[in-house]
Amino acid sequence: LPLASFVLALFINLKLNWFQGVISDAWGIQGQMNDMAMTLGALLANRGDEEHIVRLKYRIYRYLNLVHFELYSKIDAKFEVVSLQDCVECRLLSEQEAKLLSHAPVRRNAILLWLGNAFRELADEKAISEHQLRRLLDSLQKLRGLMDGLIKELTRVAPISYMQLMQLMIDVAMLLSPPGLVYSLATNRESVTVYLWPAFGSMLIALFYQGGMRLITVMERPFGSDLYDLQS
């Protein structure tokens, strides 16, 4: 029991730290997008009557939403059924853009490239300065790094041998806990509690260990469809 408890507690702690890292990356991605949107909104507030600037703003708006969707389509099963044609129908993509994305090796990187080109067009139109352009491109670079890091974290898994060893240790502990409790609680009294307390103690031990294993499996998919999962 001490060894199984130590290994289980260690792995739960590692998974909790990993889970907190996933949350930090997800919030960081959201923060970088909000920063870019607020920065552009403030810089272009006085040029809302120029048609070409409005078109560029709408393109950037589409691309920010699209790259956010493309990220979670790789890590959340709820979005796997959404196709590029669905994005065209809801006006996140044009037909030409959908054809280009269908041939792109990594779609989110292609969309980020389009965002960079849109920022460059704003600089060419003198809507933003070169210094502001560099800041936006730096945010875009950080966004790409956060996205790649989040996907890599969510697609890696623990070694199967480690999980099998931990499950085996817990199963053996569950098998040995009833006779161990019977021996520890041995008494000469004749009562129903002689059989009740070992069974009750074994139930509590099983509840603790199997609950810990269930907690680990839940944290393996933070963007699932359960009520306690993160909302993407």
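Anything mentioned here points back to the structure above.
Draft legend 1. Focus on unusual backbone geometry. Residues other than glycine seldom take positive phi values, yet Arg91 does so here, at roughly 70°. Mapped onto the elements of the fold, Arg91 is located in the loop between helix H3 (84–89) and helix H4 (95–102). Although it is not a glycine, Lys126 sits at a positive phi angle of roughly 65°. Following the sequence through the fold, Lys126 ends up in the loop between helix H5 (107–124) and helix H6 (130–155).

Draft legend 2. Main features of H5. For H5, which comprises 18 residues, the first-to-last C-alpha distance of 26 Å matches the rise-based estimate of 26 Å (1.5 Å per residue) to within 8%. All of the buried residues in H5 are Arg108, Ala110, Ile111, Leu112, Trp114, Leu115, Gly116, Ala118, Phe119, Leu122 and Ala123. Residues of H5 that are buried sit in contact with helix H1 (2–43), helix H2 (51–73), H4 and H6. Note on H5: the residue one or two positions beyond its end, Lys126, has a positive phi of about 65°.

Draft legend 3. Spotlight on the environment of Gln30. Tracing the chain through its elements places Gln30 in helix H1. Since its relative accessible area comes to 41%, Gln30 is described here as partly exposed. With 38 residues separating them along the chain, Gln30 and His68 place their C-alpha atoms 8.4 Å apart.

The rules behind these values
Note on numbering: residues in each chain are counted from 1, in written sequence order. It should be noted that, the model being predicted, local features are given only for residues of pLDDT at least 70 and side-chain atom pairs only at 80 or more, the latter also being counted only at that level, while totals for whole chains, interfaces and linings use all residues. Values shown for side chains rest on all heavy atoms present in the structure; no hydrogens or waters enter the calculation. A run of H or I in DSSP becomes a helix once it reaches four residues, and a run of E becomes a strand once it reaches two; helices and strands are each numbered from the N terminus. To estimate how far a helix should reach, multiply one less than its number of residues by 1.5 Å. The buried label applies to any residue whose accessible area, calculated with a 1.4 Å probe on protein chains only, is under 20% of its type's maximum; exposed applies above 50%, and partly exposed to all values in between. By definition in these notes, contact holds between two residues if any of their heavy atoms fall within 4.5 Å.

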